[in-house]
Amino acid sequence: MSRTLITGNAAAAWAARLARVDYVPAFPITPQTEIIETIAGWIEAGALDARMVTLESEHSMVTAAGAAAATGVRVFTATSSQGLLYGLEMIYTVAGWRAPFVLVNVSRGLAAPVTLEPDHNDVLAARDSGFLQLHAATAQEVLDLGLLAYRVGEDERVRLPAIVNLDGFYLSFTREPVRIPDPAEVDGFLPPFESGGLGFRASRPVSEAVAVLGGGPYSYFRYEIHAAARNALGVFEEAAADFEARFGRRYAPVETYRADDAEVVFVMMGCFATKAKAAVDQLRDAGQAVGLVRPRMLRPFPGEALRTALRGRRAAAVIDQNLSLGFGGVLYGELAANLCGLSDAPILASFIGGLGGRDIPPSEFYAIAEAARDAADAGAPPEPRLLYTDAELREMRRLQGIAAAERSERPEARR
Amino acid sequence: MYRVRFHGRGGQGMKTASRILGSAFFRSGFEVQDAPRYGAERRGAPMFAYVRAARREIHERGVITRPDLVVVADDSLTASPAAGTTTGLDEHTVLLIASTETTRTWQDRLRHRGPTLALPIDPADSASLRFVGAACAAAAAQLVGVIAASDFEAALRDELAPLGEPAATQNLELGRATWRRFEPHAGLVREGPDAVASISERPDWIDLPFDAARIATPAIHGAATSVEVRTGLWRTLRPVIDEARCRHCTWICSTLCPDGAIEVRADGGPRIDLDHCKGCMVCMAVCPSHAIESIPEATADAHAPEELQP
């Protein structure tokens, strides 16, 4: 297993190829398109025996993915941002069909205004859908979590679709060294999908997702999805142990980095967390006991693992690359609920950063760690901070000056 | 860690150059990260790509703000602040500019405090324009001084394999010539230091003020602003109409021009608006009478081109 330089997008395509997927419903959107282009190239060249169909929208794409998975074939699809939202009605619906497949989302900020660069508001819109949700931080993880997602989602104790998320540009278009596993070894880890009772056939009509009237039947079906998602925690741990035995790479639902003796930890998801690792190393060099806690798995929520990682710390700086408008950071809110009532819970300090790909430079990580430590000294959480600098506002005011001049000019005065 | 940034225009091969350098570092035993960054995703638009290489796992990610080497494939970018060619340069940074002008000219013009070198472009030799990416990659690989020639050549062959054999070989020849030319400068680029927490400046964080919705809405009030943007400056190839062959079926080229940069003259023939033509050459591809050819923009004319006139 030698290492190869490939992008995060190519790693996602490799997960589909090694999983020997049968069917790939597709629709293009930046920054995801490279994934389906790569798969299309392999199908064309005969390297992957699969059927790719380009649909007319993400809504149809997710429907096709769910319907195909319900026939018992292995399905892969991918989207991003506005595309995920366009398919969102069916994201919620196909989870209720209990049809397992893998959807890779390449995170990109949502309109308005339109942007191309990443944050997590897109994938968090699917947070409550019943899809399992895994967040990769490196290209290697994109590939490996893709394989784990099939194994866990197809397990009869789970039977749910899964989203594997990677960040646009910072990971999707970034090449890194990746170990591409041997196909035969992957076959041992991930045998063909045994759909059991699903068995939807053209000659044998089945109506999925019928209407139920009355809260009792409705609640039954929704509680069952919840129970299946909760089962995925244990099933993931089992699968990850088998994966480690076969491939030597360990994937806990929550990654910790230099956190064992840390007084202050950063908590964040996705590939910006590798920037936090660099800051942790630099802060350790400066004599500060700082670490990183990174949930790889957001759904099901790994509450116990996060409590174990965070108890006894003086402070946790939660850096959300998302903003629940009118509330604050989503991960911050979930962690606050998760730690509520524990006597040895850390002080939580909330930071919002990285929206639309806004960089978080090392100096901000240092200042975040300092603010978290100050909060621990004061014994009270600080006001949430939206990372923004005076220089950024001055640049914004310059742009607004241009806009204001345009507004005041009469159209006929322009050339 | 080595941090290298390549600046160019979409279509000049800077993404490929970054991949060649990245693969060459990787073959030489380095951990590597390389990535392109572009906004408009159009041929001719300013873009950049970057490479990090270190002998340990790389945790840094995203755009390089403190480069050890900056390579500029198109010298017209140095006049465009938005292209960001000089962002984060200090006396430690080596600046390499592909240009028909001399090293001395660029030293005087840019007054960069660090080493400045020109990568010679010969206007009479179309290969030096077409394969500028291979030349930039070769110069960069030589300047860092830790990559063997065999690793560079293997990396170039790997990355250019999709182009087919003749193009790969032509690129390799220019790459080899550039590699030899820059031998005297091997090792000029030095690894930059990592950020240090104890001497960091504090971020100038502010609490964002509330603005009225009429201010805080991403709206454009001035119409037809795209006319103001001289996208003709992005052009690396210029379409030229052979009036003797043109049959004045002007609706074809003018309709299919993605930028609406071809208008119909009074006599029914086409006129190309060089202020806004980006040089995508769709018109050349669709012209039924093959009356449109392309010439390299750099050699289009020595006197002031139309788009530079006031």
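Residues numbered from 1 in each chain as written. Chains lettered and ligands numbered in written order. Predicted model: local features only at pLDDT ≥ 70, side-chain atom pairs only at ≥ 80, totals over all residues.

(A) Structural context of the interface of chain A and chain B. On the side of chain B, 35 residues touch chain A, which itself brings 40 residues to the contact. Elements with a minimum of two residues in the side of chain A that touches chain B: β8 (175-179), α10 (272-285), α13 (362-378), β15 (385-386) and α14 (390-408) of chain A. Taken together, the residues of the side of chain A that touches chain B break down into 21 nonpolar, six polar and 13 charged. (Contact = placed C-beta atoms within 7 Å. Helix = DSSP H or I, 4+ residues; strand = E, 2+ residues; numbered from the N terminus. Nonpolar A, V, L, I, M, F, W, Y, C, P; charged D, E, K, R; others polar.)

(B) Inspection of helix α4 (residues 132-144) of chain B at higher detail. Helix length check: α4 of chain B, at 13 residues, gives a terminal C-alpha distance of 18 Å against a target of 18 Å (1.5 Å per residue), a fit within 8%. Following α4 of chain B by one or two positions, Gly145 of chain B has its phi on the positive side, about 75°. (Expected span 1.5 Å × (residues − 1).)

(C) Highlighting the sheet that holds strand β5 (residues 102-107) of chain A. All names here are of chain A. Read across the open sheet, the five strands follow the order β4-β5-β7-β6-β12; overall the sheet is mixed. Sheet topology places β4 (76-79) and β12 (297-299) at the edges, where each strand pairs with a single neighbour. Each neighbouring strand pair of the sheet contributes to a mean axis angle of 25°, computed without reference to strand direction. Judged from the six bridges that link them, β5 and strand β7 (residues 162-167) form a sheet pairing that is parallel. Residue Val102 lies in a different strand from β7, and its bridge partner there is Ala162. Strands in contact with helix α7 (residues 139-154) are β5, β6 (132-135) and β7; relative to β7, the strand with the most contacts, it is inclined by about 170°. (Pairing = 2+ DSSP bridges. Axes fitted to C-alpha atoms, helices over the stretch in contact; angles between N-to-C directions.)

(D) The domain arrangement of chain B, seen in detail. Residues and elements named next belong to chain B. What the domain assignment lists for chain B is domain 1 (2-194) and domain 2 (230-308). The centre of domain 1, based on its C-alpha atoms, is set 31 Å off from the matching centre of domain 2. Here the residues of the side of domain 1 that touches domain 2 sort into three nonpolar, five polar and three charged. (Domains from an automatic or database assignment.)

(E) How the structure looks around the packing of α4 of chain B against helix α6 (residues 165-181) of chain B. Residues and elements named next belong to chain B. Taken N-terminus to C-terminus, the directions of α4 and α6 make an angle of 35°; their axes are 8 Å apart at the nearest point. Every pair of crossing elements has a handedness; the one defined by α4 and α6 is right-handed. Listed contacts from α6 to Ala134, Ala135, Ala137, Ala138, Ala139 and Gln142 of α4 are Asn171, Leu174, Gly175, Thr178 and Trp179. Among the residues forming the contact of α4 with α6, the class breakdown is seven nonpolar, four polar and no charged. (Left-handed = near helix turned anticlockwise from the far one by under 90°.)

(F) Representation of the pairing of strand β6 (residues 116-120) of chain B in the model. All names here are of chain B. As defined by bridge partners, strand β5 (residues 94-99) adjoins β6 across five bridges and the pair is classed as parallel. Its bridge partner being in β6, Ala98 is matched across the sheet by Leu119. A crossover connection joins β5 to the parallel β6 through helix α2 (residues 103-110); in handedness this β-α-β unit is right-handed. (Right-handed = clockwise from strand over helix to strand, strands pointing away.)

(G) Geometry of the domain arrangement of chain A. Residues and elements named next belong to chain A. Annotation of chain A at the domain level lists domain 1 (3-247) and domain 2 (254-391). Taken together, the contact pairs 27 residues of domain 1 with 22 residues of domain 2. Mapped onto the side of domain 1 that touches domain 2, the elements with two or more residues apiece are α6 (121-124), β6, β7 and α9 (215-247). For the side of domain 1 that touches domain 2, the leading source of residues is α9, giving five residues. When grouped by side-chain class, the residues that make up the side of domain 1 that touches domain 2 number 14 nonpolar, eight polar and five charged.

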